[in-house]
Amino acid sequence: MLDSSGEKELGRDVDDAMRLFEQSKTIGDGHINPVRPSRVLLVLDGSNQDDASIVAAAHFRERFNTETLVLDGRRQMDDHADPLPDVGQRISGSRPVSETDSEPHDRILSAVNRHDVDLVVLPCPLGRSIDELGAASVGTATDVLLSRLSVPMLIIRQAEKDFVASTSHVAVVVGSECDVTARAAGWALGLVRPSGRVSLNLVIEKEQFENMRSIVRSMDPASEMDVREFSDALTKAHQSLHRGLTEAAKQRSIEYEMLPQAGGDSPPGIAWADRQVLIVLPIEVDDRFAQGFVHDRIRRSAHPVLVVPGHVVAR
């Protein structure tokens, strides 16, 4: 038997659990338009990730005829620094842009504001070697950009991952309610290669699922929350988005599937390590839960990650 303080604590836990579950619902009319970049800011930092970043920007140029602006994102810019790769030989029409801010993230923010770009391509961690900081680190610059950048950013993680190959499977990974989820799905439709595959991965983390199951058991010891039941609930909550992606996939002759993943493995988990996949993450910049979810997904990912922020201005 719970005392009054225990009942209040349990009530707060139930409220928190139900809030997280309700946040998985997506509101909208179900119609999704593909989104493609038109002006790309390519950020180079002298790391071994630069080549993979250039490959991605060159792919956008070839496939979508994008304009490419190139920004020096090195932490130290001086006459003694090693020269950056000659992008002009690999991306036709590309041109450098210059910003005077000392910090790389400030240069990026300034360039985005001045040049009206709609996609930023950058390595992560920025300005520091991934071998130096470790694969699990995203770096300070990325943290700042996640909270302040107003346009989507394509984050290049491990250099050996082939971005062009990753567009054969684009996975939209949703962990909570987000007003920009449909737009993130639009980016997935726009970037997936012809005859490729898009998946909608509805994620309830294992720890979150176990906490919710414990709460239900404390209220009714005879009850049992089944993963399958929770997955069915996730499916029903996202029917509008699911219908929109299903119809768009049919029109474009691409494969599509919705994958409710309550407590199971989801991208970019260990089981996905050997695959080629582009992860797409919607994010609300003023939602701490969403911020933590996206940050954790980037930290764990070897794959390229496209982050679509909640305050993107529709074009």
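Here's a quick rundown of the structure. (Residues numbered from 1 in each chain as written. Predicted model: local features only at pLDDT ≥ 70, side-chain atom pairs only at ≥ 80, totals over all residues. Heavy atoms only, no water.)

1. As for the packing of aromatic side chains
Here a ring pair, both rings aromatic, is described through the centre-centre distance and the interplanar angle of the planes.
In step 1: Tallied over the full model, the rule gives two aromatic pairs.
In step 2: Taking 6.2 Å as the distance between ring centres and 25 degrees as the angle between the ring planes, the aromatic pair formed by Phe 60 and Phe 64 counts as stacked. In this pair, Phe 60 and Phe 64 both sit in helix α2 (residues 50–64), four residues apart, roughly one turn of the helix. Both residues of the pair, Phe 60 and Phe 64, belong to the buried class.
In step 3: Ring centres of Phe 60 and Phe 163 lie 5.4 Å apart, and the angle between their planes is 70 degrees; on these two criteria the pair is classed as edge-to-face. On the criterion of sequence distance, the pair formed by Phe 60 in helix α2 and Phe 163 in helix α6 (residues 163–166) is long-range, its members being 103 residues apart.
In step 4: For Phe 60, a relative accessible area of 1% gives the class buried.
In step 5: Note on Phe 163: relative accessible area 2%, which makes it buried.
In step 6: An aromatic cluster is built from Phe 60, Phe 64 and Phe 163, whose rings are joined through pairwise contacts. (Phe/Tyr/Trp six-rings, centres within 6.5 Å; stacked < 30°, edge-to-face > 60°. Helix = DSSP H or I, 4+ residues; strand = E, 2+ residues; numbered from the N terminus. Buried < 20%, exposed > 50% of the residue type's maximum accessible area, 1.4 Å probe, protein only.)

2. Things to note about the pairing of strand β7 (residues 197–204)
In step 1: Of all eight residues making up β7, seven are buried, and the element is well covered by its neighbours.
In step 2: When strand β6 (residues 169–174) meets β7, the two strands line up parallel, connected through six bridges. The residue of β7 that forms the bridge with Val 173 is Asn 201.
In step 3: In terms of handedness, the path from β6 via helix α7 (residues 181–191) over to β7 forms a crossover that is right-handed. (Pairing = 2+ DSSP bridges. Right-handed = clockwise from strand over helix to strand, strands pointing away.)

3. Here we look at the side chain of Asn 201
In step 1: For Asn 201, the location among the structural elements is in strand β7.
In step 2: Residue Asn 201 is classed as buried on the basis of its relative accessible area, which comes to 0%.
In step 3: There is a polar contact of 2.8 Å between the side chain of Asn 201 and the side chain of Ser 199.
In step 4: The residues contacting Asn 201, other than those within four sequence positions of it, are Ala 171, Val 172, Val 173, Val 174, Leu 259, Gln 261, Pro 267 and Trp 272. (Polar contact = N/O pair within 3.5 Å; in protein donor to acceptor, adjacent residues only side chain to side chain. Contact = heavy atoms within 4.5 Å.)

4. Description of the packing of α7 against helix α10 (residues 239–252)
In step 1: For the pair α7 and α10, the least separation of the axes is 11 Å and the interaxial angle reads 20 degrees. What the angle tells us is that α7 and α10 run roughly parallel. When the axes of α7 and α10 are compared, the crossing they make is right-handed. Packed against α7, whose contacting residues are Thr 181, Ala 182, Ala 185 and Leu 189, the element α10 presents Leu 241, Leu 245 and Ala 248 at the interface.
In step 2: Taken together, the residues of the contact of α7 with α10 sort by class into six nonpolar, one polar and no charged. (Axes fitted to C-alpha atoms, helices over the stretch in contact; angles between N-to-C directions. Parallel < 35°, antiparallel > 145°, perpendicular 65-115°, else oblique. Left-handed = near helix turned anticlockwise from the far one by under 90°. Nonpolar A, V, L, I, M, F, W, Y, C, P; charged D, E, K, R; others polar.)

5. Here we look at the packing of helix α3 (residues 104–115) against helix α5 (residues 139–148)
In step 1: Relative to each other, α3 and α5 sit at 30 degrees, their axes nearing to 9 Å. In terms of orientation, α3 and α5 fall into the roughly parallel class. Note on packing geometry: the crossing formed by α3 with α5 is right-handed. Residue-level contacts link His 105, Asp 106, Ile 108 and Leu 109 of α3 to Ala 141, Val 144, Leu 145 and Arg 148 of α5.

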